[in-house]
Amino acid sequence: MASQPPHPSWYLQYRFLGRKTYSSMYPDRRGKRAPRERPPVAPSDGASGRRRLSLGTLVKAIVVFKRLAADIRRGHILPCLNPLSTEQKAPEKRSVAIPEKTFWGDQEPLSKIPYQILTGHQNLVSSCHFCVNDTKVLSSSFDYTVKLWDAMEGTIIRDFDDGPETPVLACSVTADSRRIAAVAYDKTLRTWDLETGKLLWKIKHGGFLTSCNFSPDGKYVVSGLDVDHGICIIEARNAMAVSHIKDHHARSVTGCCFDPDSQKVASVSLDKSIKIWDVTSQATLLTINRAHTNAISSCCFTFSGHFLCTSSWDKSLKIWNIHTGEFRNHGACATLMHGHEGSVSSCQFARDSSFLVSGGFDKTVALWDVGEGYRKLSLKGHNDWVMDVAISNNKKWVLSASKDRTMRLWNIEEVDQIPLVIKCKKNLGLSVNQCEVCEKPFSTYDSDVFSKTVTKCVFCRMDASLSAEASSSSEKKDSLPKRSGPMEAVGLVSAGEQTSRQDNSGRSAAAAATAEGGSARVPRAAARGSEARSPRAPLGVCARPAPGSVRSGRDSGARTF
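Computed from a predicted model, the values in this text were never measured in an experiment.

## Regarding the overall build of the chain
Stage number 1. Assigned secondary structure in the chain consists of 8 helices and 33 strands.
Stage number 2. For the chain, the residues scored as buried account for 43% of the 561 residues in total.
Stage number 3. Sequence separation of at least 24 residues holds for 45% of the intrachain contacts in the chain that already meet a minimum separation of 6.
Stage number 4. Carbon together with sulfur atoms contributes 53% to the accessible area of the chain, which is approximately 32,000 Å² in total.

## Some words on the sheet that holds strand β6 (residues 155–159)
Stage number 1. Spatially, the 4 strands line up as an open sheet ordered β3-β4-β5-β6, and their pairing is antiparallel. The strands lining the two open edges of the sheet, one partner per strand, are β3 (125–131) and β6. In this sheet, adjacent strand axes meet at a mean angle of 25° when their direction is disregarded.
Stage number 2. Bridge count for β3 against strand β4 (residues 136–141) is 6 bridges, and the pairing is antiparallel. Bridging across to β4, His129 finds its partner in Leu138.

## Comments concerning the packing of aromatic side chains
Stage number 1. Applying the stated criterion across every chain, the model contains 6 aromatic pairs.
Stage number 2. Look at Tyr220 and Phe258: their rings are 6.3 Å apart centre to centre, the planes differ by 20°, and that puts the pair in the stacked class. One end of the pair, Tyr220, is in strand β12 (residues 220–225); the other, Phe258, is in strand β15 (residues 253–258), and 38 residues separate them in sequence.
Stage number 3. The exposure class assigned to Phe258 is buried, which follows from its relative accessible area of 7%.
Stage number 4. Following the ring pairs from residue to residue traces out a cluster consisting of Phe142, Tyr185 and Phe208.
Stage number 5. For Lys187, the ring lying beneath its charged end belongs to Phe208, and the centroid distance is 5.2 Å.
Stage number 6. The ring of Trp385 has Lys403 sitting right over it, with the charged end atom 4.3 Å from the ring centre.

## Remarks on a nonpolar patch on the surface
Stage number 1. Residues Leu55, Leu58, Val59, Ile62 and Val63 make up a contiguous nonpolar surface patch of roughly 450 Å² in combined accessible area.
Stage number 2. Turning to its location among the elements, Val59 is positioned in helix α3 (residues 55–77).

## Considering the environment of Cys131
Stage number 1. When you line up the elements, Cys131 lands in strand β3.
Stage number 2. Taking the relative accessible area as the measure of exposure, Cys131 reaches 3% and is therefore buried.
Stage number 3. With 262 residues separating them in the primary sequence, Cys131 and Asn393 have C-alpha atoms 9.4 Å apart.
Stage number 4. Sequence-distant contacts of Cys131, defined by excluding residues within four places in its chain, comprise Lys136, Val137, Leu138, Leu148, Val173, Ser177 and Leu194.

## Some points on the pairing of strand β11 (residues 209–214)
Stage number 1. Of the strand pairs in this sheet, β11 and β12 are connected by 5 bridges, and their pairing is antiparallel. Note that in β12 the partner of Phe214 across the bridge is Val221.
Stage number 2. Connecting the antiparallel pair β11 and β12 is a turn made up of 5 residues, with Gly218 showing a positive phi of about 80°.

## Side note on the pairing of strand β27 (residues 386–391)
When a strand is regular, its side chains alternate between the sheet's two faces.
Stage number 1. Among the 6 residues of β27, 5 are classified as buried, and the element is accordingly described as predominantly covered.
Stage number 2. What sits between β27 and strand β28 (residues 397–402) in their antiparallel hairpin is a turn of 5 residues, with Lys395 showing a positive phi close to 65°.

## Re the sheet that holds strand β23 (residues 344–349)
Stage number 1. Here 4 strands make up an open sheet; going across it, the order is β23-β24-β25-β26 and the pairing antiparallel. Strands with a single pairing partner mark the edges of an open sheet, and in this sheet they are β23 and β26 (374–380). Across the sheet, the axes of successive neighbouring strands diverge by a mean angle of 20°, strand direction being ignored.
Stage number 2. Direction of pairing for strand β24 (residues 355–360) relative to strand β25 (residues 364–369): antiparallel, over a ladder of 5 bridges. Its bridge partner lying in β25, Leu356 is registered against Trp368.

## Topic: the confidence of the model for the chain
In low-pLDDT segments, the atomic positions of the prediction should not be examined closely.
Stage number 1. For the chain, per-residue confidence averages 74 on the pLDDT scale, and 60% of positions sit at 70 or higher.
Stage number 2. Here residues 98–110 is a poorly scored stretch, pLDDT under 50, and it has 20 contacts once near neighbours within four places are set aside; other chains count.
Stage number 3. Across residues 482–552, confidence stays below pLDDT 50; counting only partners more than four residues off in sequence or on other chains, it has 104 contacts.

Rules behind the numbers
Residues numbered from 1 in each chain as written. Predicted model: local features only at pLDDT ≥ 70, side-chain atom pairs only at ≥ 80, totals over all residues. Heavy atoms only, no water. Helix = DSSP H or I, 4+ residues; strand = E, 2+ residues; numbered from the N terminus. Buried < 20%, exposed > 50% of the residue type's maximum accessible area, 1.4 Å probe, protein only. Contact = heavy atoms within 4.5 Å. Areas by Shrake-Rupley, 256 points an atom, 1.4 Å probe, with all protein chains shown as cover. Pairing = 2+ DSSP bridges. Axes fitted to C-alpha atoms, helices over the stretch in contact; angles between N-to-C directions. Phe/Tyr/Trp six-rings, centres within 6.5 Å; stacked < 30°, edge-to-face > 60°. Lys NZ or Arg CZ within 6 Å of the ring centre and 35° of its normal. Patch = residues over 30% accessible without salt bridge, like charges linked within 9 Å, V, L, I, M, F, W, Y side chains within 5 Å. Salt bridge = Lys/Arg side-chain N within 4 Å of Asp/Glu carboxyl O. pLDDT = per-residue confidence, 0-100.

The following block contains the structure:
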């Protein structure tokens, strides 16, 4: 077989390099070369493959767009009108929004109550109070400070010197705004001079302190004890202990306060009980067990001292008659419910007891009508728990301290003119009347048959009933036959008649003192006789132990309910 001639070089290029390469290098039979294929160019705008516009084109497009927008706007604002034409209508006038009237402070859209936010604490604010004729505000916080504020400006005036290095649980101020006191986690009670800010004295206890309060006359300071389950009363001037009552409650004391006469101390505890301690006789006057279904957080007296309000973690508040221990129903006592969706942390009466303010863990502040027992308004705005509340003496301002590190100063001067409050009163069928005795407004139900005949508020009606009871008891005492001294000495007087005499004398003295507007302070012999066998007390009263500086609350005689 004859050998084949070797392939030329062009054939090898065509075979192995491909036709495109070959055709681009060498012409075909017609003498024409195939066009070279350009390599693919990467897209400039990623996967879309769009080309970038030049700067000049972009500027022209922007100019044209602005011209079109100006023409469209001009067509809407200034339409071409023929003054002689009657078919065309004039363009409609656009309504201009008129800004609302600005009030003092910020606005809460739900309540329409003007308020101001006081910021300056670095941790939760535990307590707050008005002082210096409602022009200053006192606050304590877990940021280890006690601050004095200007109420109108919302600025900090001073931090008190030599403060604790632990969270401050509570603070208090005297009625004359001369001294302040505070308790902290370091188990100390401190007192400062309000004007100078200097520390006056400091006392350290063996256990934690939970609360503190000055007496209205400024002579005493009472503090609640955590581990000892009691209260401690100290003289404010020289820091001398007056009473140290251990085991006053079964569990920790959460709140304590003095009555307006500075003679009684009310205390509440985690054990759901209420106790009234007499400073003079060093004895427990009243005990109410199972007052709430959960722990009691705070308590406060009315300005007359007749009633005590307690707030609880069971989401309710209760008003108690401290003379009988029975909480009022149907206008005599009140259980304030359905005002908070969480635990109630604090409560405070207005100076004339016309309304009540409470704060809760549902981040709201509630205003209550005391006479009718319903919530007038709920103030919303805090971002966390409301720890404490306070009311100014002129009833124009409400102060609230919160866990959100702020305080809020609410202006409630025109709260009764808010449409929401008026609508609530109409739904309840209430009408506002003026008391003929104290000249204070109170509410009555329109559907009540006796609404037109009621001319006194609930507190004046209670005083009238007590005075009537006092007069009836004095008449009974005068109607009893007089017996000579020798007959009583020989023992011819029966024990029942002696008991009746003691009952009547004690009851008349208590009622007479109450009718005068003060607390029922009676002579000790008459009080002992009335407490021992009073028909109001379901249980008997044990003999009172001798007074002492350190006492046990469970050992002292008291009326128990």
